[in-house]
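# Residue-level structure breakdown
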Amino acid sequence: HSAVAWQGTKKMAVIDVPKPKITNPGDAIIKVTSSAICGSDLHLYLNFMPGMEKNAIMGHEFMGIVEAVGPDVKHIKVGDRVVSSFEMGCGKCFYCQRGIFSGCDNTNFSKAEETLYGQHTAGFHGYTTLTGGHPGGQAQFAHVLYADVNLLKVPDSLPDKKVVLLSDILPTAWHANELGGVSKGDRVAIWGAGPVGILAAHCAFFRGAERVVLIDEVESRLSFAKARIPGLETLNFKEKKVPAALKEMLGPTAPDVSIEAVGFHYCKSWVHKFEMAAMLETDPSETLNEIIYCTRKGGRIGVVGVYSGYTNHYNIGAFMEKGLTMAAGQTPVQKYWKDLLKWIEEGKLTPEMVITHELPLSQAPQAYKDFNAKTDGCVKVVLKPWQ
Ligand code: NAD
Ligand code: ZN
């Protein structure tokens, strides 16, 4: 069957690979009907993430029909229409039991990650060997561990485009709001008008935020978001300095909450080394420092943009003196997806608003190019492996 495979910096190919097989009693095999490209895939596309191997199968945001299940699978049956979570939890370990599925102890045994971070995190689909090196779902078939935990049944009444983003970026947008504690009346600033930032704005209004400002330099993305989210305000950081502009827009006692939906692939001071000695000079355009600088005293910061290793000269002084709270993390998808599905069914959340392209798998190499360059109006691509 066909799959999108990593070849090196800015190089993807569609290749023939063996069909995956059940290898553990809790597994499932999925015939993939939709599979999105995520901003996290750009870290791999740009070759910024350690631990990539040639021909690694990409993709962690997918759904489809269950093709086979192992003997221990209880709640998922062959023929079920399901969404797969980007990270895999076992459902039983210390972390999964506490809803920290992205910290699962049993789906990734990367020694390298343990050395770097003190503990290893959960296994991801279609990511680097640091997160287990599991083959991904930008493919006609995909292999899922612990199917009962990591697959969500979805009703036939909802088309793929309404539910496929439950696999990652809708829960991630929600997680950003949870981490920042967004609630009624809050004035929220969101860095990054990619699909994650746009859906974070959508979720913020749903939670009762009073004002939401979305920040980016790509004007087409800002106007795209504004056209879809009533009440949204935008700020182009190429035109205006963010700290002054935010003060002017929201007043001196805001933002109450800041959300980081950018990530290290835009971060000039990020270094591809895990040694303090290799750190570079301060870069004032550093997103995290700008966020710390802009957030009001006592405010909260939710970081879902992905970081790997060190970023430079973190402004711990401003963070401490202003009494800020910052929380970060990969999303525990399984903790949120049932509620989010319900709100999609009720028409309260419409994550499909970000999808601009639905393309056959064969066009994946071009789609990666456009998504990275933000050309061709590209905000979110969904690949269709059987078209
Ligand atoms: P994306 O690359 O499409 O969007 C990021 C946007 O940030 C781009 O539009 C870019 O122009 C903008 N940007 C760059 N520098 C900026 C700056 N200094 N200030 C404001 N905006 C800036 O990616 P995406 O798909 O929207 O994902 C966003 C981030 O979320 C990525 O880092 C991705 O890895 C991460 N992510 C995290 C999780 C999680 O579980 N935590 C899940 C999915 C994605
Ligand atoms: Zn993702």
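Residues numbered from 1 in each chain as written. Chains lettered and ligands numbered in written order. Predicted model: local features only at pLDDT ≥ 70, side-chain atom pairs only at ≥ 80, totals over all residues.

### Some words on the overall build of the protein chain
Under the convention used in this document: The numbering of helices and of strands both runs from the N terminus, where a helix is a DSSP run of H or I of at least 4 residues and a strand a run of E of at least 2. Computation of the radius of gyration draws on C-alpha atoms, with the globule rule given as 2.2 Å multiplied by the number of residues to the power 0.38. Three exposure classes are used. Buried residues have 20 or more other C-beta atoms within 10 Å of their own C-beta, exposed residues have 12 or fewer, and partly exposed residues fall in between, all C-beta atoms being placed from the backbone. It is the C-beta atoms, placed from the backbone, that decide contacts: two residues are in contact if theirs lie within 7 Å.
Each helix and strand in the protein chain was counted, giving 13 helices and 17 strands. Computed over the C-alpha atoms, the radius of gyration of the protein chain is 20 Å, within 12% of the 21 Å expected from 2.2 N^0.38 for a compact globule of 387 residues. A principal-axis box enclosing the C-alpha atoms of the protein chain has dimensions of 60 × 50 × 40 Å. Burial statistics for the protein chain: of 387 residues in total, 52% are counted as buried. In the protein chain, the proportion of contacts linking residues at least 24 apart, taken out of those at least 6 apart, comes to 73%.

### Description of unusual backbone geometry
Omega for the bond connecting Ala254 with Pro255 falls within 30 degrees of zero, at -5°, which places this linkage in the cis form. The phi dihedral of Lys10 is positive, around 50°, even though this residue is not glycine. The residue Lys10 is located in the loop between strand S1 (2-8) and strand S2 (11-16) in this model. At Asn47, a position not held by glycine, the phi torsion is positive, near 60°. Take Asn47: there are 14 C-beta atoms within 10 Å of it, and that puts it in the partly exposed class.

### Re the pairing of strand S3 (residues 28-36)
Which entries qualify depends on this criterion: A pair of strands is labelled paired if DSSP reports no fewer than 2 bridges between them.
By the criterion of burial, S3 is predominantly enclosed, with 7 of the 9 residues buried. Sheet analysis places S3 next to strand S4 (residues 61-69), joined by 8 bridges and oriented antiparallel. Within S4, the position partnered with Ala36 by the bridge is Glu61. With 4 bridges joining them, S3 and strand S8 (residues 141-144) adopt antiparallel strand pairing. Looking at S8, one finds that Ala28 is bridged to Val144.

### Points about the domain arrangement of the protein chain
Our working definition: Domain delimitation in this document rests on an assignment produced automatically or drawn from a domain database.
Taken domain by domain, the protein chain comprises domain 1 (2-167 + 332-345 + 352-384) and domain 2 (170-328). On a C-alpha basis, the centres of domain 1 and domain 2 stand 25 Å from each other. Mapped onto the side of domain 1 that touches domain 2, the elements with two or more residues apiece are helix H1 (39-45) and helix H12 (333-345).

### Digging into the sheet that holds strand S11 (residues 211-216)
Here is the rule: Orientation is described by axes fitted as lines to C-alpha atoms, over the contacting stretch for helices, and by angles from 0 to 180 degrees between their N-to-C directions.
As summarised here, the arrangement of the 6 strands in space is S12-S11-S10-S13-S14-S15, forming an open sheet in which the pairing is parallel. If you trace the sheet from one side to the other, it starts and ends with strand S12 (233-236) and strand S15 (325-328), each paired once. Shown here is a sheet whose adjacent strand axes are inclined to one another by a mean of 20°, direction ignored. Bridge count between strand S13 (residues 257-260) and strand S14 (residues 300-303): 4 bridges; the pairing is parallel. Each bridged residue has a counterpart across the sheet, and for Ile259 the counterpart in S14 is Gly302. Most of the contacts of helix H7 (residues 195-206) go to S11, to which it runs at about 175°, and overall it touches strand S10 (187-191), S11 and S13. Docked against the sheet, helix H8 (residues 219-228) engages S11 and S12, running at close to 175° with respect to S12.

### Things to note about the nonpolar core
Our working rule: By our criterion, buried Ala, Val, Leu, Ile, Met, Phe, Trp, Tyr and Cys residues that link up through C-beta atoms within 7 Å make up a nonpolar core.
Ranked by size, the top nonpolar core spans 115 residues in total, and within it Ala28, Ile190, Ala200, Ala201 and Leu214 carry the most contacts. Looking at which element gives the most residues to this core, the answer is H7, with 7 residues.

### Things to note about the site of ligand 1
For the record, the criterion: In this analysis, residues qualify as near a molecule or strand once their C-beta atom, positioned from backbone atoms, comes within 6 Å of it. In this classification, Asp, Glu, Lys and Arg are treated as charged, Ala, Val, Leu, Ile, Met, Phe, Trp, Tyr, Cys and Pro as nonpolar, and every other residue, Gly included, as polar.
Among the 30 residues in the neighbourhood of ligand 1, the closest are listed as Gly39, Ser40, Gly192, Gly194 and Gly263. Elements represented by at least two residues in the shell around ligand 1 include exactly H1, helix H6 (169-179), H7 and S11. In the shell around ligand 1, the residues fall into 15 nonpolar, 11 polar and 4 charged. When residues are assigned to domains, the shell around ligand 1 turns out to be shared by domain 1 (2-167 + 332-345 + 352-384) and domain 2 (170-328), each giving three or more.

### Observations concerning H8
What counts here: Relevant arc is that of directions from the helix axis to the C-beta atoms, nothing else.
Those residues of H8 not exposed but buried are Arg221, Leu222 and Ala225. With its buried residues spanning 100° around the axis, H8 presents them on a single face. For H8, the secondary structure elements touched by its buried residues are H7, S11 and S12.

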